[in-house]
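Results of the structural survey
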Amino acid sequence: MQAGSGPCLFGLRPHPLSFLPLFEMSTSPVRVRFAPSPTGYLHVGGARTALFNWLFARREGGTLVLRVEDTDAARNTAAAQAAIVDGLRWLGIDWDEGPEKGGPHAPYHQSQRGEIYERYFQKLVDAGHTYVEENGAVRFRSPKEIIILPDKIGGDIKIDRTEEPDMTIRRPDGSFIFHFVNVVDDIEMEITHVIRGEDHIYNTGKHIELFRALGAEPPVYAHIPLILNADGSKMSKRDQGAAVGYYQEEGYLPEAVANYLCLLGWSPKDDREILTVEEILPLFRWENMGHSNAKFDLEKCGWMNAQYLAKLDTPSFDHLAIAWLLRRTEPLPGTDSPELVGALALIKPKIKSFRELAEHLPMLFLDDAPVSEEARGKLATQAGLKDRLTVLLRHLDGVEGGTAWTAAALQAAVAAAAAELGVKPGALMFPLRVLATGQAHGVDLLPALEWLGKTASMRRLQARLDGGQIAG
RNA sequence: GACCCUUUCGUCUAACGGUUAGGACACGACCCUUUCACGGUUGUAAUACGGGUUCGAUUCCCGUAGGGGUCGCCA
């Protein structure tokens, strides 16, 4: 292809899409893998690693393998594996070979690949690369060399193995160690590129020794910088947002989370931030990868989600919102109301994630939701408020019910009340909001009252006014 | 501690060796608005420090400091 430099001579230019490897979708030599160990939840760092592998595989028309590294029988759980698979799927990551999918290199659980490891282990033993400890553990005799790792992201990285002790590759109980099985599987599964976290750089020295001892060419490596907590420490399960499950539960859109994750350690090199995977794909190149760790900013991730939510069309939003509501073990008010869709239309432009439905629905559907501290506090200083609100309610009550009860009519009533009281209409709106919802923040107020209808609105407004919950 | 990687606004990041160092989140102000928001405009805010190389350094080199990673019979 033209490598995108310089203007093209139109007559000589190939078709704009001619560089796409359409016909070699399945014959691309590129094979990458994501290899989680099912000992816990799917970490955002792991999710990003998976995403980058996926992006690279798709961009190259290659193959993504999902391999479950479950050699530590004591720590593996089925629940963890389910959570990881579920999280990947949720993010839109699909694999070509692996669990639930099969493939030419099955099985894809290391716990089921014992025979293969045994075979490779024997090769190592026969070639004299190993020795046995007194307790039965087997170690690999390191050549003790300085290894230069040609990393796609970090450049040439020096790894001094001359002083390192020999690594154990097999425990006394016969089970194999991570380094060994990882390398054997990468050989067996014909992995061409290893894209993983920077925390593996030193392991790579060990791995390269193993590849060489087994007579195999090491893959191309790309070590990506890590994702850190807001305070600069390693993200742990205690940190909010560290697990992909958090975003599923909070009602984030996977596209938004994936987009945000891509921006940690990768950049389109221009000012764009909201990018679909289709837009990211052609720009996913090593030159566009960052070299330093990134701190995770949940606030910005939330902002991005709000952007995606806002772009959703109404049917999609309703569908997803309702799905989220139905997943809850504790139903929210209005969940099975026929008025729900109307409420969702009011709420849609206001929320960052579906989780916030839990704040909006009660104030829309409950007549007696308690008045919040904040709302009460903001009204406390307003003398004579109750009298003014009485006047306001009188005007509102003057509006016809039924189809005449519209936001526009209500606005006129508020204006009339304001005129009578000699105040600006705006001055009445906040107290009215508190009367209607008990909250200081929320959806567009007058449309909300229209949605509620006259009977319910007046009942609620009058009750809160009489209840004396606001402005004593 | 040793070794490796890394360092641009608080955070994520952009800038063929020549820019008033740009964008986004967050924060402040103003505008819009009947309220809460959205949005628009705008403001505060960065090249870690010290040496080189160069006419010229955020950019290349060295050192120092900070940060992160690794140093398992975990993965």
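The residue numbers shown here count from 1 along each chain, following its written sequence. Each chain takes a letter, starting from A, and each ligand takes a number, starting from 1, following the order in which they are written. With the structure being a predicted model, the display of local features is reserved for residues of pLDDT at least 70 and the display and counting of side-chain atom pairs for 80 or more, all residues being used for whole-chain, interface and lining totals. Hydrogens are left out, water is left out, and the side-chain values use all remaining heavy atoms of the structure.

Topic: the overall build of chain A
- Where helices and strands are cited, they refer to DSSP runs of H or I of at least four residues and of E of at least two residues respectively, numbered from the N terminus. Of the regular secondary structure elements, chain A holds 18 helices and 11 strands.
- For the radius of gyration, the atom set is restricted to C-alpha positions; the globular benchmark scales as 2.2 Å times the number of residues to the power 0.38. A compact globule built from 472 residues would reach a C-alpha radius of gyration of about 23 Å, whereas chain A, at 30 Å, exceeds it by more than 25%.
- On the principal axes, the C-alpha backbone points of chain A span a range of 100 × 70 × 35 Å.
- The buried share among the 472 residues of chain A stands at 47%.
- Restricting to contacts in chain A with at least 6 residues of sequence separation, those with at least 24 account for 74%.
- When the accessible surface of chain A is split by element, carbon and sulfur atoms take 53% of a total near 23000 Å².
- The average position of the 50 basic charges and that of the 62 acidic charges among the side chains of chain A differ by 2 Å. When a residue's accessible area, from a 1.4 Å probe over protein chains only, is under 20% of the maximum for its type it is buried; when over 50% it is exposed; and in between it is partly exposed. Here, residues are in contact when the closest pair of their heavy atoms is within 4.5 Å. Note on areas: Shrake-Rupley, 1.4 Å probe, and residue coverage restricted to the protein chains presented here. For the purpose of charge, His is not counted, nor are the chain termini; Lys and Arg are scored as positive and Asp and Glu as negative. Think of each charge as sitting on NZ of Lys, CZ of Arg, CG of Asp or CD of Glu.

Let's talk about the protein's contact with RNA strand B
- One heavy atom within 4 Å of a molecule or strand makes the whole residue count as near it. R171, Y202, E273, M429 and R433 are the nearest of the 54 residues found near RNA strand B.
- When atoms of RNA strand B within 4 Å of the protein are sorted by moiety, sugar and phosphate together comprise 70%.
- With respect to RNA strand B, the side chain of S37 contributes an N or O atom lying 3.2 Å from a sugar or linking oxygen.
- We call two N or O atoms a polar contact when they sit within 3.5 Å, provided that within protein one can donate a hydrogen and the other can accept it, with sequence-adjacent residues counted only if both atoms are side-chain atoms. A distance of 3.5 Å separates a sugar or linking oxygen of RNA strand B from a polar side-chain atom of D271.
- Where the surface near RNA strand B is concerned, the elements lending two or more residues are strand 6 (155–160), helix 4 (178–188), helix 5 (201–213), strand 11 (294–295), helix 9 (298–311), helix 16 (425–437) and helix 17 (445–452).
- With 5 residues, helix 16 is the single largest residue contributor to the surface near RNA strand B.
- Each residue belonging to the surface near RNA strand B can be placed in one class, and the counts come to 17 nonpolar, 18 polar and 19 charged. Side-chain classes follow a simple rule in which Ala, Val, Leu, Ile, Met, Phe, Trp, Tyr, Cys and Pro form the nonpolar group, Asp, Glu, Lys and Arg form the charged group, and the remainder, Gly included, forms the polar group.

A short note on helix 4
- Here helix 4 lies mainly inside the structure; 9 of its 11 residues are buried.
- Every buried residue of helix 4 is accounted for by H179, F180, V181, N182, V183, V184, D185, D186 and I187.

Some words on the packing of helix 1 (residues 44–60) against helix 7 (residues 254–262)
- Between N-to-C directions, angles span 0 to 180 degrees; the directions come from axes that are lines fitted to C-alpha atoms, helices contributing only their stretch in contact. At a minimum axis distance of 10 Å, the contact between helix 1 and helix 7 shows a crossing angle of 85°. What the angle tells us is that helix 1 and helix 7 run roughly perpendicular. Counting all contacts with helix 1, which are made through V44, A47, R48, L51, F52 and L55, the residues of helix 7 involved are A258, L261 and C262.
- A breakdown of the residues in the contact of helix 1 with helix 7 according to their chemical character gives 8 nonpolar, no polar and 1 charged. For classification purposes, angles smaller than 35 degrees are called roughly parallel, those larger than 145 roughly antiparallel, those between 65 and 115 roughly perpendicular, and all remaining angles oblique.

Things to note about the sheet that holds strand 4 (residues 138–140)
- Taken together, 3 strands build an open sheet; the order of strands is 3-4-7 and the sheet is antiparallel. Both outer strands of the open sheet, strand 3 (130–132) and strand 7 (168–170), are each paired with one neighbouring strand and no more. Each neighbouring strand pair of the sheet contributes to a mean axis angle of 40°, computed without reference to strand direction.
- In short, DSSP must find at least two bridges between two strands for them to pair. Pairing of strand 4 with strand 7 involves 2 bridges; the strand directions are antiparallel. Opposite R139, over in strand 7, you have T168 as the bridge partner.
- Relative to the sheet, helix 3 (residues 114–126) contacts strand 3, strand 4 and strand 7, its axis offset from that of strand 7 by approximately 130°.

Observations concerning the pattern of salt bridges
- Basic side-chain nitrogens of Lys or Arg form a salt bridge, by our definition, when they fall within 4 Å of a carboxyl oxygen of Asp or Glu. Evaluated as defined, the whole model comprises 27 salt bridges.
- Here R59 ties to E60 by a salt bridge, and the two come within 3.8 Å at their closest N and O atoms.
- As a salt-bridge pair, R212 and E145 come within 3.7 Å of each other at their nearest N and O atoms. With R212 in helix 5 and E145 in the loop between strand 4 and strand 5 (146–151), this pair connects stretches of sequence that are 67 residues apart.

Looking at the side chain of H207
- As for its position among the elements, H207 is in helix 5.
- When sequence neighbours within four positions are dropped, the list of residues in contact with H207 reads F178, H179, N182, V183, R196 and Y221.

Regarding the state of the cysteines
- Throughout, a disulfide means two cysteine sulfur atoms within 2.5 Å of one another. Under the definition given, this model contains 0 disulfides.
- No disulfide involves C262; its sulfur sits 12 Å from that of C301, the nearest cysteine.
- The buried category is assigned to C262, whose relative accessible area is 2%.
- Look at C301 and you get buried, because its relative accessible area is 1%.

Details of the pairing of strand 5
- Of the two faces of strand 5, only one is covered, namely that formed by I147, L149 and D151; the face formed by I146, I148 and P150 stays uncovered.
- Pairing between strand 5 and strand 6: 6 bridges, direction antiparallel. For P150, the partnering residue across the bridge sits in strand 6 and is D156.
- Counting the residues between successive antiparallel strands, the hairpin from strand 5 to strand 6 contains 3 residues.

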